[in-house]
Number of protein chains: 2
Amino acid sequence: MATIADIGVSAALNLLSSFIFLIAFALLRIQPFNDRVYFPKWYLKGLRDSPSQAGAFVRKFVNVDFRSYVKFLNWMPAALKMPEPELIEHAGLDSAAYLRIYLIGLKIFVPITVLAWAVLVPVNYTNDTLRLERLSNVTSSDIDMLSISNIPAKSQRFWSHIVMAYAFTFWTCYVLRKEYEKVANMRLQFLASAKRRPDQFTVLVRNVPPDPDESVSELVEHFFLVNHPDNYLTHQVVVNANKLAKLVKQKKKKQNWLDYYQLKYSRNNATRPIMKTGFLGLWGQKVDAIDHNIAEIERLSNEIAAERESVVTDPKAIMPAAFVSFKTRWGAAVCAQTQQSRNPTLWLTEWAPEPRDVFWNNLAIPYVSLAVRRLIMGVSFFFLTFFFMIPIAFVQSLASIEGIEKAAPFLKPIIEVKIIKSIVQGFLPGIALKLFLIFLPSILMIMSKFEGFTSISSLERRSASRYYIFNLVNVFLGSIITGSAFEQLDTFMKQSANDIPKTIGVAIPIKATFFITYIMVDGWAGIAGEILMLKPLIMYHLKNFFLVKTEKDREEAMDAGSLGFNTGEPRIQLYFLLGLVYSTVTPLLLPFILVFFAFAYVVFRHQIINVYNQEYESGAAFWPDVHKRILIALIISQLLLMGLMSTKEAAQSTPFIIALPVLTIWFYYFTQGRYEPAFIRYPLQEAMMKDTLEHAREPNLYLKGYLQSAYIHPVFKSDDDDDDHDTAIAKKEDEDVLVPTKRQSRRNTPAPSKISGGSSPSLPEAVQEHQEP
Amino acid sequence: MATIADIGVSAALNLLSSFIFLIAFALLRIQPFNDRVYFPKWYLKGLRDSPSQAGAFVRKFVNVDFRSYVKFLNWMPAALKMPEPELIEHAGLDSAAYLRIYLIGLKIFVPITVLAWAVLVPVNYTNDTLRLERLSNVTSSDIDMLSISNIPAKSQRFWSHIVMAYAFTFWTCYVLRKEYEKVANMRLQFLASAKRRPDQFTVLVRNVPPDPDESVSELVEHFFLVNHPDNYLTHQVVVNANKLAKLVKQKKKKQNWLDYYQLKYSRNNATRPIMKTGFLGLWGQKVDAIDHNIAEIERLSNEIAAERESVVTDPKAIMPAAFVSFKTRWGAAVCAQTQQSRNPTLWLTEWAPEPRDVFWNNLAIPYVSLAVRRLIMGVSFFFLTFFFMIPIAFVQSLASIEGIEKAAPFLKPIIEVKIIKSIVQGFLPGIALKLFLIFLPSILMIMSKFEGFTSISSLERRSASRYYIFNLVNVFLGSIITGSAFEQLDTFMKQSANDIPKTIGVAIPIKATFFITYIMVDGWAGIAGEILMLKPLIMYHLKNFFLVKTEKDREEAMDAGSLGFNTGEPRIQLYFLLGLVYSTVTPLLLPFILVFFAFAYVVFRHQIINVYNQEYESGAAFWPDVHKRILIALIISQLLLMGLMSTKEAAQSTPFIIALPVLTIWFYYFTQGRYEPAFIRYPLQEAMMKDTLEHAREPNLYLKGYLQSAYIHPVFKSDDDDDDHDTAIAKKEDEDVLVPTKRQSRRNTPAPSKISGGSSPSLPEAVQEHQEP
């Protein structure tokens, strides 16, 4: 069992590493040659210029203004300074709403912490249970003195925990409702104040039935001319350009290698670079690298041209899906919310995602296939979740002092050194867990893609909810049960599965130390590591050295990254869960949670303002998920408290907790009915209002031209040779449309899109057409 | 434990009582003076005339044609003869779809019975487990020889049960899918072929926000003129006429008493009838009955006139709800399926129910109140369900031989007589249960009304699902657990709640006898009692004797009744549950289920054709519920089989069952996505098609006139004095619109509506206006 001293050592270590990260960040970020790593968002928005233009040669790379070193934490107030409306304008609603999750954490847990320390800590501490038990040789740590474990069975003092559970529940629900209301209003306001965007007028139609007499395009046109005669404007069919996109990607890779070899050659003219053609360049025939790559690019260019031709002409490349645009937002809102045909699996309509949010590969999956895919993924996910536990349990058993001593007896003398023992106990379990979790998000993302979601935002939301379940089962429950399994094994094995709330409830106070360590490693040091951006930093400098020839290349070398909702949000949810579960049991844990929320809020606000380049804008569509998961955490905390209390023989008071989950579930349904529609539907009144306003302002708007090519596969937008130019323009216009900047952009910057290859440039010629006249 | 002989006696008794009921029915129904009791539907449709017009005096009352007595079962083929399309035309789609539930029972269970008897009965019977156990003094009945109990633990024979469980599951799902498809098509066809009805053009709007400057009517008009400019036609606000309706009802009651006393006086002119004014006429001042009632009616008429005036003029009587009608079905379909305003709790739109289906009292409940009401009813229902079990368990323990002997030792000599013992064991437990259930539906209906549903059909659906849960917990689980509690008490008390599948699984084979008895009492004799219509028969003749003066009164005295979905469907579901659960465990039970389904199908087909007068037509909107509940029964059967097997130590084979519930749940979601939209949405394509057709056929249709007064509260339709006349006309037109009859109706008949007082007459002057020119 870890003692307060162990936790102290661990806290000191983690604080130290966080501090080192922060110092490193402070030093690195003010060096001009790192400017593009730590402020890419401003470059991408065209609001910042390379620092290389002014000053002496040295100052181009190293900051020699020593005053700036003194104020090494001044990014923090700077990050907090930008007001929310400006933040929304600067980074989009998704990012602003994401930050609010951390704020909710603070809003919920600051009063809870104060209350818990004012009421529960004294109530717990003024007992002698554990002191007495220690005399009879039962192990317990000092931390447990502050926890509910210290209260004797059948005590009347449990009433205070129940009252607190009620207070915490009501407070949490109150905060959640306020926030849901606020975010829903923000979303509606955001949508209402948004400029004209193609997705406001467009509906994605899937599962167009096959017709022997008509092409998909004709069929779509006829169907909507008949069934939405007053509203239908135009449509674009979806082509299967997956192969083409793959070829373009290959060509780009080869182009990078060519650049690399040419640069190498230009620096060392003596020898022409040589490469091997085999796997990863490790074996195979030796060839002249530059010639080989030029030939390859030539070949790919021809293939691309051929494929482009065939995609356009081959009717089989047309997928049974289309983006249908309407004359008014009202018409699109109507079509998206209604059922079109008798057979509810045909002519499926839904709001079109933003053009850059579309996940093109999944647009043509038929209904039955979708259902089967969901079944397969459901079952796979079940196995993934429950069989992943075995290695974690194994590693954690190794990572305990006793485990290491048993597995590697020769290490015993080293480990028994006091400081090393503390380190092992403080660090290893958390790190073992963390390592396991690194590869998971990619697997979950692939699973979501297989399931057939049509937009990147929905893919991420799905992955997030899976990741959350995984965290819940494996990190939370897994740590509690398998960890305890080595301490309470024989008590555990004989109980039936129904006693889970009891079993876990009992284990909860024991695992407080572990979770405190986890919070420090993952929540403190991990967040500090986030701000350092080590991977993008290294990648940028590598690329800068090996590939960059022109300013344009340098811009491409930047990797701004994005929020990563699919991994970030479930991680926060774990802290909500820990905080709520331990709020009544071991209030000692709460301050650690508070530090996490406050620190993460500042860090991510800084990152959002200066670094992340959001790939899409879903208008905070994820909020209902966030809300739901915090409520799930609340219900789990109530059930576990009930389980814990029932083992404490507090039969008198335990039944009073039953009302809490009932009320919480009701609260969930109530808020869902009240606020969720704002996130999935588009009220006709709003649509009509915007239509009317627009019509009054621009009576002669040529909407068809604006919409005609909004939803073209990105591969077709960027032409073979001058794609960078096109993309750049598209990007610029895109930014203009989405986040209006006050100044004219001074530089055209491409937007490398992390997930979908090249789907970000999206509002092409149409935007120009609309803005030029 | 009951033996095969006990069951034989019970079966004989029940068959006998069923037979007696059938004979009685056969005799009563061919008597002309019962004609209106057994053929009211034909009278209500105006297709049948009083038999009193032709023939001699005696033949007016007694059938003297002795040939007709010989063919006393000839109603059965007659009931089966009418083809389904004609049945739909005759009785509506609701009734036709309801009959299909029984058909599904046959379709599912005939092959299952055959398979189970061919495979499982031999497999079970060729074992010696129970014979051997009997030697060691374990009690078991002969029936268990045919059940899974007879297979020794760890036997490889359990594989056959698992294979059968798979076969039964796939067959059930196959039948369900086919039927869902069929019913969905029937519904779409029914809606497509339906004539013009007001609800096709009308949307019910609730929670109109209060406005200080405008009345509700103005507000509604402005809102829809702005947001549905091309489609809005007209609207009707909803007035709070609950008090008025109550007064009208009171007056009608007084009128009945007046008729009764006047008739009494006319038969016996000697003394004027006297009545007491107090409670139930039992005490209070003695007055002249005729004068008193005339005065009362006078008073009520005045009150009604005053209330009518105040309702029309008082703005507070206007409720924040309205029926909004559109120019086209397309417009209504759009409005019903979309969200209107930013705040999703205001301007709630849904398809308007049929005028006669509207439940007027609930139209004005605000959103928050609805949510709170649902919580209250949820909690109340929980208590109702779980605390109702105590009296049932008590009565059932009394109703066993041992219980009676303990409670009333003096009865011992009588009970020990063999035949009486059989009767007690065969009848009493079923009847005790049945008695408890008689009062339940009314309670559930009141609960649903309190919850705020706006149509009678949805009220009934809600009550049905509650009744189903109640049946599941109390009749099914309650009978198994409490019944067994007196046999296996100490085994039970020590197990945790998680072992429920196991515990129930073990008890399942033991309770087979009880459920066989239950099926015979409730399913065989009960259904035979249904056809006898004892209560309406008695009521009709009482009314006929005491009240009827004119032909019109006689028509009012008829009580056709209706299907009663809220009680009937959950009852059928119990048989599905029993059949599926016992299909793999005790196949002996299956033939009893088959007899029930076949017999009930014939009986209800007869009743639907000749008797029931459906109050509304929801277009089989209940089908998704039926489908869902059969699947729930299937999943329960799989879980219980799993529990049972795991107690049989069939560790090898049990895990193979786990896939079944997973697949079944997936199947549920699949069918829900595939077919359920047909029951809740109205495809725009269909709407557009009907609109176009109608426009081509009747280009000059004056729709506004047709719709203007379609949704007027029924109290305003029937005027004070000539309400019967009005109602009659409305009714006639209504019938014409809904179920087109080929012949001209010869008699105008009022339609007494069981639940909503007088909400059936519904398509008033508007229909006339439309049909007269």
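What counts and how
Residues numbered from 1 in each chain as written. Chains lettered and ligands numbered in written order. Predicted model: local features only at pLDDT ≥ 70, side-chain atom pairs only at ≥ 80, totals over all residues. Heavy atoms only, no water. UniProt positions renumbered as here; feature names shortened; annotations may be inferred. Helix = DSSP H or I, 4+ residues; strand = E, 2+ residues; numbered from the N terminus. Buried < 20%, exposed > 50% of the residue type's maximum accessible area, 1.4 Å probe, protein only. Contact = heavy atoms within 4.5 Å. Areas by Shrake-Rupley, 256 points an atom, 1.4 Å probe, with all protein chains shown as cover. Pairing = 2+ DSSP bridges. Axes fitted to C-alpha atoms, helices over the stretch in contact; angles between N-to-C directions. Expected span 1.5 Å × (residues − 1). Arc of directions from axis to C-beta. Polar contact = N/O pair within 3.5 Å; in protein donor to acceptor, adjacent residues only side chain to side chain. Least-squares fit on C-alpha atoms with pLDDT ≥ 70 in both. Patch = residues over 30% accessible without salt bridge, like charges linked within 9 Å, V, L, I, M, F, W, Y side chains within 5 Å. Salt bridge = Lys/Arg side-chain N within 4 Å of Asp/Glu carboxyl O. Buried area = accessible area lost by both parts, 1.4 Å probe. Nonpolar A, V, L, I, M, F, W, Y, C, P; charged D, E, K, R; others polar.

An unreviewed UniProt entry lists chain A under the name Calcium permeable stress-gated cation channel 1, from Dipteronia sinensis. What UniProt records for chain A under Sequence similarities (unreviewed entry) is the sentence "Belongs to the CSC1 (TC 1.A.17) family." The Subcellular location (unreviewed entry) field of the UniProt record for chain A holds the comment "Membrane".

A. Representation of the overall build of chain A in the model. Along its length, chain A carries 36 helices and six strands. Buried residues in chain A amount to 55% of all 773 residues. If you take every contact in chain A between residues at least 6 apart in sequence, the share linking residues at least 24 apart comes to 82%. Surface summary for chain A: the accessible area is close to 33,400 Å², and the carbon and sulfur share equals 64%.

B. Representation of the sheet that holds strand S5 (residues 318-326) of chain B in the model. Residue and element names in this part refer to chain B. Spatial strand order, S2-S5-S1-S6: four strands in an open sheet with antiparallel pairing. What marks the edges here is a single partner per strand, and that holds for strand S2 (232-239) and strand S6 (348-351). Strand after strand, the sheet turns through a mean of 30° between neighbouring axes, direction not considered. Bridging between strand S1 (residues 202-206) and S6 involves four bridges; their strand directions are antiparallel.

C. Layout of the sheet that holds strand S2 (residues 232-239) of chain A. Residue and element names in this part refer to chain A. Spatially, four strands are ordered S2-S5-S1-S6 in an open sheet, and the strand pairing comes out antiparallel. Both outer strands of the open sheet, S2 and strand S6 (348-351), are each paired with one neighbouring strand and no more. Taken pair by pair, the neighbouring strands of this sheet meet at an average axis angle of 30°, ignoring direction. Pairing geometry for strand S1 (residues 202-206) and strand S5 (residues 318-326), over four bridges, is antiparallel. By the bridge assignment for S5, threonine 202 is matched with serine 325. Against the sheet, helix H12 (residues 216-227) makes contact with S1, S2 and S5, and its axis sits at roughly 150° relative to S2, the strand it touches most. Sheet contacts for helix H15 (residues 329-337): S1, S5 and S6; angle to S6, the most-contacted strand, approximately 130°.

D. Molecular detail of H12(A). Look at H12(A): 16 Å from first C-alpha to last across 12 residues, which is about the 16 Å you get at 1.5 Å a residue. Among all positions of H12(A), only A:Leu219, A:Val220, A:Phe223, A:Phe224 and A:Asn227 are buried. One face of H12(A) carries all of its buried residues, which in axial projection span an arc of 115°. Lining the buried residues of H12(A) we find S1, S2, S5 and H15 of chain A together with helix H15 (329-337) and helix H32 (684-697) of chain B.

E. Quick peek at unusual backbone geometry. Phi is positive for A:Trp347, which is not a glycine, with a value near 50°. By relative accessible area, which is 6% here, A:Trp347 ends up buried.

F. Representation of the side chain of B:Asn362 in the model. Residue and element names in this part refer to chain B. Mapped onto the elements of the fold, asparagine 362 is located in the loop between S6 and helix H16 (367-387). Its relative accessible area of 5% is what places asparagine 362 among the buried residues. At 2.9 Å, the side chain of asparagine 362 and the backbone oxygen of phenylalanine 453 are in polar contact. Among all residues touching asparagine 362, those that are not within four sequence positions of it are Arg206, Lys449, Gly452, Phe453 and Thr454.

G. Focus on the relation of the copies chain B and chain A. Mapping chain B onto chain A leaves a residual RMSD of 0.1 Å; the transformation is a rotation of 180° accompanied by 0.0 Å of translation along its axis. In symmetry terms, the pair is related by a two-fold rotation axis. When the interface residues of chain B are mapped onto chain A, 100% of them again lie at the interface, so the same face is used by both copies.

H. Just helix H21 (residues 440-451) of chain A, in detail. Residues and elements named next belong to chain A. Between its first and last C-alpha atoms H21 spans 17 Å; for 12 residues at 1.5 Å apiece the expected length is 16 Å, and the two agree. Taken residue by residue, H21 has Leu440, Pro441, Leu444, Met445, Met447, Ser448 and Glu451 as its buried positions. One side of H21 carries all its buried residues, which in axial view fall inside an arc of 160°. The positive-phi residue at the C-terminal boundary of H21 is glycine 452, with phi of around 95°.

I. Just the UniProt feature "transmembrane region" (unreviewed entry) in chain A, in detail. Residues and elements named next belong to chain A. Mapped onto this structure's residue numbering, the UniProt feature "transmembrane region" (unreviewed entry) falls at residues 12-30, 101-120, 375-399, 419-446, 467-486, 574-604 and 653-671. The span residues 101-120 shows a helical share of 100% and a strand share of 0%, and its end C-alpha atoms are spaced 26 Å apart. Segment residues 574-604 splits into 87% helix and 0% strand. End C-alpha atoms: 17 Å apart.

J. A nonpolar patch on the surface, seen in detail. Together, A:Val379, A:Phe382, A:Phe383, A:Phe386, B:Ile658 and B:Val662 make up an exposed nonpolar region whose accessible area comes to about 510 Å². At four residues, helix H16 (residues 367-387) of chain A tops the list of elements feeding residues into the nonpolar patch. By secondary structure assignment, the location of A:Val379 is in helix H16.

K. Seen up close, the side chain of A:Gln339. Relative to the helices and strands, A:Gln339 is located in the loop between H15 and S6. From its side chain, A:Gln339 meets the backbone oxygen of A:Ser341 in a polar contact 2.9 Å long. Sequence-distant contacts of A:Gln339, that is, excluding residues within four places in its chain, are made with A:Pro344, B:Gln337, B:Pro677, B:Arg681, B:Tyr682, B:Pro683 and B:Leu684.

L. Representation of the interface of chain B and chain A within the structure. In this assembly, 44 residues from chain B lie in contact with 44 residues from chain A. With both sides pooled, the region where chain B packs onto chain A buries about 3,900 Å², and carbon together with sulfur makes up 60% of that total. By the criterion of area lost to chain A, the three top residues of chain B are B:Gln339, B:Arg342 and B:Trp666, representing 18% of everything that side buries. Where chain B touches chain A, the interface holds zero salt bridges. If you look at where chain B meets chain A, you find six residue pairs in polar contact (both at pLDDT 80 or more). If you list the elements that add at least two residues to the side of chain B that touches chain A, you get helix H10 (158-193), helix H12 (216-227), H15, H16, helix H30 (659-675) and H32 of chain B. Split into classes, the residues belonging to the side of chain B that touches chain A amount to 25 nonpolar, 15 polar and four charged.

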